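# Summary of the model geometry
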Amino acid sequence: MKSIPANPTGDVRRLSLAVREHVHWALANCDAILIAVSGGADSTALAAVVIDHCLRAGSTPHTLSVDHGIRPGSDREAQETCEVMASLGAQSSWVSVTVDAPGGPEASARMARQSALAEHAQTLGERVAVFLGHTMDDQAETVLLRLARGSGVGSLRAMSARDDTGSIVWMRPLMNCRRSETLGACRQLELPWVDDPSNKMDGPWRAADGSALRRGAVREQAIPSLAHSLGMDPVPSLARTAELSAADDEALNEWAEQVWQRAWEDSAEAASGIGALRVAELKENPQAVRMRVLHRYLSRSEERR
């Protein structure tokens, strides 16, 4: 393995520049930095550049590798990934989880992984930045999957570069980087990585109905087919759709908040016993705004019952 020089080149430089401002923000606003490292090229490359920035700033980051226990040898891979992270200068740990939640194998594994990361983050401080290795390619796959379900802009905004949920800040600094760049960075730094067959559409995992994993099928078939049919790489355009949808969703949410403030009547005498909405304040607004206000009303009504 090679160390990262002060002025890196190639894919390492690209990734290092992408994460720099995120690391500086996390160091200034959080008690600790925790990097989720699956052992794949994306998270391994992310960890290398984040660790480098942290150490140069005089801070030691933490890493956590999660073993889902779905195939023989996965615990050994998690331990080896942990050792690689330690050699880079991180405080590294690994943990095994049980994947048994509802919603199919992908959703179950994601829930178990997020829970393990959240639990570990709670041991590091009151506010912890958790770095995730999602790339532009992951974002494009998410958008395509949600388009297929007929989602609106609230869902098409897909993954955010930063999700602040209070004690944990989920950070995705590689959203403008490509999967090919993380592979290139690993090769450039001579870092080992794991190609997990569980992520393949013909791997050991299947969807709840026995068919190929949805994301694996989108990655291996749908996006290449789109590229062939359109004569262009669809990934940047799909990622741009998420960015535009996020801006539209934020604007609509702000509009809906203004309408809510005018329409909501928190009255004990209201017939529902949970407050009321003034219809006159709703009817002149677009459907997208009305639906957001009504959704908020129904959510509040459910909470008060």
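Residues numbered from 1 in each chain as written. Predicted model: local features only at pLDDT ≥ 70, side-chain atom pairs only at ≥ 80, totals over all residues. Heavy atoms only, no water.

## Points about unusual backbone geometry
Operational definition: For helices the rule is a DSSP run of H or I covering at least 4 residues; for strands it is a run of E covering at least 2, with both sets numbered from the N terminus onward. A simple rule labels every residue: compare its accessible area, found with a 1.4 Å probe on the protein chains alone, to the largest value its type can have, and call it buried under 20%, exposed over 50%, or partly exposed in between.
At Ala158, a residue that is not glycine, the phi angle is positive and equals roughly 55°. In this structure, Ala158 sits in the loop between α6 (153-156) and β5 (162-164). On the basis of relative accessible area, Ala158 is assigned to the buried category, the value being 15%. Positioned with a positive phi, Glu190 is a non-glycine residue whose angle comes to about 55°.

## Thoughts on the side chain of Glu141
Test applied: Residues adjacent in sequence count toward polar contacts only when both atoms are side-chain atoms; beyond that, a polar contact is any pair of N or O atoms within 3.5 Å, and within protein one must be able to donate a hydrogen and the other to accept it. Contact between two residues is taken to exist if any of their heavy atoms lie within 4.5 Å; hydrogens are not considered.
Tracing the backbone through its elements, the reader meets Glu141 in helix α5 (residues 136-148). In this structure the side chain of Glu141 is engaged in a polar contact, spanning 2.9 Å, whose partner is the side chain of Arg219. Excluding its chain neighbours within four sequence positions, the residues that come into contact with Glu141 are Arg179, Arg215, Val218, Arg219 and Ile223.

## Here we look at helix α3 (residues 74-88)
As a reminder, the rule being used: The length a helix should cover is 1.5 Å for every residue beyond the first. Arc, as used here, means the arc of the directions from the helix axis to the C-beta atoms.
The terminal C-alpha atoms of α3 lie 21 Å apart, and with 15 residues this matches the ideal 21 Å at 1.5 Å per residue to within 8%. Three or more residues of α3 are buried, namely Ser74, Glu77, Ala78, Thr81, Cys82, Val84 and Met85. Angular distribution of buried residues about the axis of α3 spans 160°; they occupy a single face of the element. Residue Gly89 follows α3 closely and has a positive phi angle near 115°.

## Brief notes about the packing of α5 against helix α8 (residues 214-230)
What counts is decided by this rule: Axis lines are fitted to C-alpha atoms, over the contacting stretch for helices. Their N-to-C directions set the angle, which ranges from 0 to 180 degrees. Angle categories: roughly parallel below 35 degrees, roughly antiparallel above 145, roughly perpendicular from 65 to 115, and oblique for all the rest. Under the grouping applied here, Gly and all other residues not named as nonpolar or charged are polar, the nonpolar ones being Ala, Val, Leu, Ile, Met, Phe, Trp, Tyr, Cys and Pro and the charged ones Asp, Glu, Lys and Arg.
Between α5 and α8, the least distance of the axes is 10 Å, while the angle of their chain directions is 95°. Accordingly, the angle class assigned to the pair α5 and α8 is roughly perpendicular. In this structure, α5 uses Asp138, Ala140, Glu141, Thr142, Leu144 and Leu145 to contact α8, whose residues at the interface are Arg214, Arg215, Val218, Arg219, Ala222, Ile223 and Leu226. Tallied by class, residues from the contact of α5 with α8 come to seven nonpolar, one polar and five charged.

## A closer look at the pairing of strand β4 (residues 128-131)
Two faces make up the sheet, and in a regular strand the side chains alternate between them. Rules: Criterion used throughout: strands pair if DSSP finds at least two bridges between them.
Side chains Val128 and Val130 of β4 all project onto a buried face; the interleaved residues Ala129 and Phe131 project onto the opposite face, where all are buried too. Of the strand pairs in this sheet, strand β1 (residues 32-36) and β4 are connected by four bridges, and their pairing is parallel. Among the inter-strand pairings, Ala32 is bridged to a residue of β4, identified as Val128. In this sheet, strand β6 (residues 168-171) lies alongside β4 in parallel orientation, the contact comprising four bridges. Paired with Val128 across the bridge in β6 is Ile168.

## Quick look at the pairing of β1
Quick reminder of the rule: Call a crossover right-handed when, viewed with both strands pointing away from you, the route from the first strand across the helix to the second goes clockwise.
Counting buried residues along β1, five of its five residues qualify, which places the element largely inside the surrounding structure. Because side chains alternate across β1, one face comprises the buried residues Ala32, Leu34 and Ala36, and the other comprises Ile33 and Ile35, equally buried. Relative to strand β2 (residues 62-67), β1 runs parallel, the two being bridged by three bridges. Looking at β2, one finds that Leu34 is bridged to His62. Traced from β1 through helix α2 (residues 41-56) to β2, the parallel crossover comes out right-handed.

That is the geometry; function is a separate question.
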